[in-house]
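If you want the building blocks of each chain, they are given just below.
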Amino acid sequence: MAGNGPAPKPAGRKSRRNADPIPQTVLRWERAEAPELPDFRIERDGDLVEFVWPERTREWWQMWIDSPQAEHFGSSDWQYLLDTALIHARLWRGDLSAAGELRLRVAAFGATPADRARLRMVFAEADGADGGSGRSGGPSARERYGATKLRSLPGGKSAAEE
């Protein structure tokens, strides 16, 4: 007996509905070194004064230089992160309106565990920690409870009582 529903389309007429309409562009990879936080001047009360990076922003910048993600940053990534450092400096100088933009920008670089999960980033040590066995190293549930048989607790209803 044939199944219900319409007959399948001929092979030549099938098409994916989620096909990407724009082809992927493959770029040549070129690793870039992290730039130093630049010295520059800003206008304050009509005068040009030397911009002083907050110490917390200097620490934040060094954290990105030392991060595992940094080995994958190109020159445009470092320039974007440099602009992001200015937003970080604004936040640490008390401009709380910069917090949302800072959060969005650092998320693009995998700042938090949730960001890294969304970007499908994993740490090599974590990926290979189980030696490829798929285990954490502790005893499995089967090893812990395998010899134990399930039994009903007193006071429960049996199937005959229901």
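Here, the structure is the one placed above.
For clarity, every value in this text was computed on a predicted model and none was experimentally measured.

Colleague: Is there a simple way to explain the overall build of the protein chain in this structure?
Modeller: Along the backbone of the protein chain there are six helices and two strands. Starting at the N terminus, the α and β elements of the protein chain follow one another as β-β-α-α-α-α-α-α. Excluding contacts between residues fewer than 6 apart, the proportion of contacts in the protein chain whose partners are at least 24 apart in sequence is 53%. Approximately 13700 Å² of the protein chain is accessible, and the part contributed by carbon and sulfur atoms is 53%.

Colleague: Would you take a moment to explain unusual backbone geometry for this structure?
Modeller: In most cases, non-glycine residues show a negative phi, while peptide bonds are predominantly trans. Backbone geometry at aspartate 45 places phi at a positive 55 degrees, although glycine is not the residue there. Mapping aspartate 45 onto the fold places it in the loop between β1 (41-44) and β2 (47-50). The class of aspartate 45 is exposed, set by a relative accessible area of 78%. The backbone phi angle of arginine 120 is positive, close to 60 degrees, even though this residue is not glycine.

Colleague: Hey, could you run me through the pairing of β1 in this one?
Modeller: Both β1 and β2 contribute to a ladder of four bridges, which runs antiparallel. Residue pairing in the sheet places arginine 41 in a bridge with glutamate 50 of β2. Where β1 folds back onto β2 in an antiparallel hairpin, the turn is made up of two residues, including aspartate 45, whose phi is positive at roughly 55 degrees.

Colleague: Would you mind showing me how to read the nonpolar core here?
Modeller: Looking at soluble globular proteins, one finds that nonpolar side chains tend to be buried together. Membership of the largest hydrophobic core comes to 20 residues, with the highest contact counts inside it found for Trp60, Trp61, Trp64, Phe73, Trp78 and Leu81. For this core, the secondary structure elements donating two or more residues are α1 (55-66), α2 (75-92) and α3 (99-107). Here this core gets seven residues from one element, more than from any other, and that element is α2. If sequence neighbours within four positions are ignored, phenylalanine 73 has contacts with Trp29, Arg31, Ala32, Trp64, Trp78, Leu81 and Phe109.

Colleague: Can you help me understand the pattern of salt bridges in this one?
Modeller: Working definition: two side chains of opposite charge can pair if their charged atoms are close together. All told, the structure shown has six salt bridges when counted by the stated rule. A salt bridge links arginine 90 to aspartate 95; the nearest nitrogen and oxygen atoms lie 3.0 Å apart. Residue arginine 90 is classed as partly exposed on the basis of its relative accessible area of 40%. Of the charged contacts, one joins glutamate 101 and arginine 105 as a salt bridge, the two residues approaching to 2.9 Å between their closest N and O atoms. Taken together, the residues glutamate 101 and arginine 105, both in helix α3 and four residues apart, mark about one turn of the helix. Among the residues examined, arginine 105 registers a relative accessible area of 13% and is labelled buried.

Colleague: What exactly am I supposed to notice about the packing of aromatic side chains here?
Modeller: How two aromatic rings sit relative to each other is given by the distance of their centres and the angle of their planes. Taken as a whole and assessed by the stated rule, the structure comprises 11 aromatic pairs. Between tryptophan 64 and phenylalanine 109, the aromatic rings sit 5.9 Å apart at their centres with planes inclined by 65 degrees, giving edge-to-face as the arrangement. Separated by 45 residues along the polypeptide, tryptophan 64 in helix α1 and phenylalanine 109 in the loop between α3 and α4 (113-118) bring together distant segments of the chain. The two residues tryptophan 64 and phenylalanine 109 agree in class, both being buried. In textbook terms, an aromatic cluster arises when at least three aromatic residues are bridged by ring pairs, as seen for Trp60, Trp61, Trp64, Phe73, Trp78, Tyr80 and Phe109.

Scoring rules and cut-offs
- Residues numbered from 1 in each chain as written.
- Predicted model: local features only at pLDDT ≥ 70, side-chain atom pairs only at ≥ 80, totals over all residues.
- Heavy atoms only, no water.
- Helix = DSSP H or I, 4+ residues; strand = E, 2+ residues; numbered from the N terminus.
- Contact = heavy atoms within 4.5 Å.
- Areas by Shrake-Rupley, 256 points an atom, 1.4 Å probe, with all protein chains shown as cover.
- Buried < 20%, exposed > 50% of the residue type's maximum accessible area, 1.4 Å probe, protein only.
- Pairing = 2+ DSSP bridges.
- Core = buried A, V, L, I, M, F, W, Y, C linked by side-chain atoms within 4.5 Å.
- Salt bridge = Lys/Arg side-chain N within 4 Å of Asp/Glu carboxyl O.
- Phe/Tyr/Trp six-rings, centres within 6.5 Å; stacked < 30°, edge-to-face > 60°.

So yeah, pure geometry; function would need other evidence.
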